[in-house]
Amino acid sequence: MFSQYKYWKPFVGPFDPCKPIRVKSYNTPPQLYMNFQPPGLQQFTPQEALMSGTLWPQLYSPYPDPHKGGKPHG
């Protein structure tokens, strides 16, 4: 299944002074996966577009990561 969120497990050294973060993540923007913006894309209503930060649902990227317990806006 496609996900805009990528995860990796960084190296955790035995002498790291801080508590280790076992899994880290980053977000890739949806426009990276779209070669060009095709005509006739579905559009949000004006109110939904203002809440989502984009006019097109295909380019919407929730923040923060919903897989980490964050609630996506919109």
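Keep in mind that this is a model prediction, so the values were computed, not measured. (Residues numbered from 1 in each chain as written. Predicted model: local features only at pLDDT ≥ 70, side-chain atom pairs only at ≥ 80, totals over all residues. Heavy atoms only, no water.)

Engineer: How should the overall build of the protein chain be read in this particular structure?
Structural biologist: The number of helices and strands found in the protein chain is 1 helix and 2 strands. Beginning at the N terminus, the succession of helices and strands in the protein chain can be written as β-β-α. Looking at the protein chain alone, contacts between residues at least 24 apart form 32% of all its contacts between residues at least 6 apart. As presented, the protein chain carries roughly 6300 Å² of accessible surface, and 62% of it is formed by carbon and sulfur atoms. (Helix = DSSP H or I, 4+ residues; strand = E, 2+ residues; numbered from the N terminus. Contact = heavy atoms within 4.5 Å. Areas by Shrake-Rupley, 256 points an atom, 1.4 Å probe, with all protein chains shown as cover.)

Engineer: What's the story with the packing of aromatic side chains in this structure? I'm lost.
Structural biologist: Centre distance and the angle of the planes are the two values used to describe a pair of aromatic rings. The full count for this structure, using the stated rule, is 2 aromatic pairs. Pairing Trp8 with Tyr26 gives two aromatic rings, centres 5.8 Å apart and planes at 55°, and the pair type is tilted. Residue Trp8 is located in strand S1 (residues 5–8), and its partner Tyr26 is located in strand S2 (residues 24–27); the two are separated by 18 residues in the primary sequence. Its relative accessible area of 40% is what places Trp8 among the partly exposed residues. With relative accessibility at 43%, the residue Tyr26 sits in the partly exposed group. Judged by centre distance (6.4 Å) and plane angle (85°), the rings of Phe44 and Tyr60 are edge-to-face. (Phe/Tyr/Trp six-rings, centres within 6.5 Å; stacked < 30°, edge-to-face > 60°. Buried < 20%, exposed > 50% of the residue type's maximum accessible area, 1.4 Å probe, protein only.)

Engineer: In this structure, what is going on with the environment of Thr54? I would like to understand it.
Structural biologist: Along the chain, the position of Thr54 falls in the segment after helix H1 (46–52). What makes Thr54 buried here is its relative accessible area of 14%. Counting along the chain gives 10 residues from Thr54 to Phe44, while the straight-line C-alpha distance between them is 8.0 Å. Sequence-distant contacts of Thr54, defined by excluding residues within four places in its chain, comprise Phe44, Ala49, Leu59 and Tyr60. Of note is the side chain of Thr54, whose polar atom sits 3.4 Å from the backbone nitrogen of Trp56. (Polar contact = N/O pair within 3.5 Å; in protein donor to acceptor, adjacent residues only side chain to side chain.)

Engineer: Got a minute to help me understand the confidence of the model for the protein chain in this structure?
Structural biologist: Note: predicted coordinates in regions of low pLDDT should not be interpreted at a detailed level. Summary statistics for the protein chain give a mean pLDDT of 83 and a share of 82% for residues scoring 70 or more. Mean pLDDT across the elements of the protein chain ranges from a minimum in S2, with 85, to a maximum in H1, with 93. (pLDDT = per-residue confidence, 0-100.)

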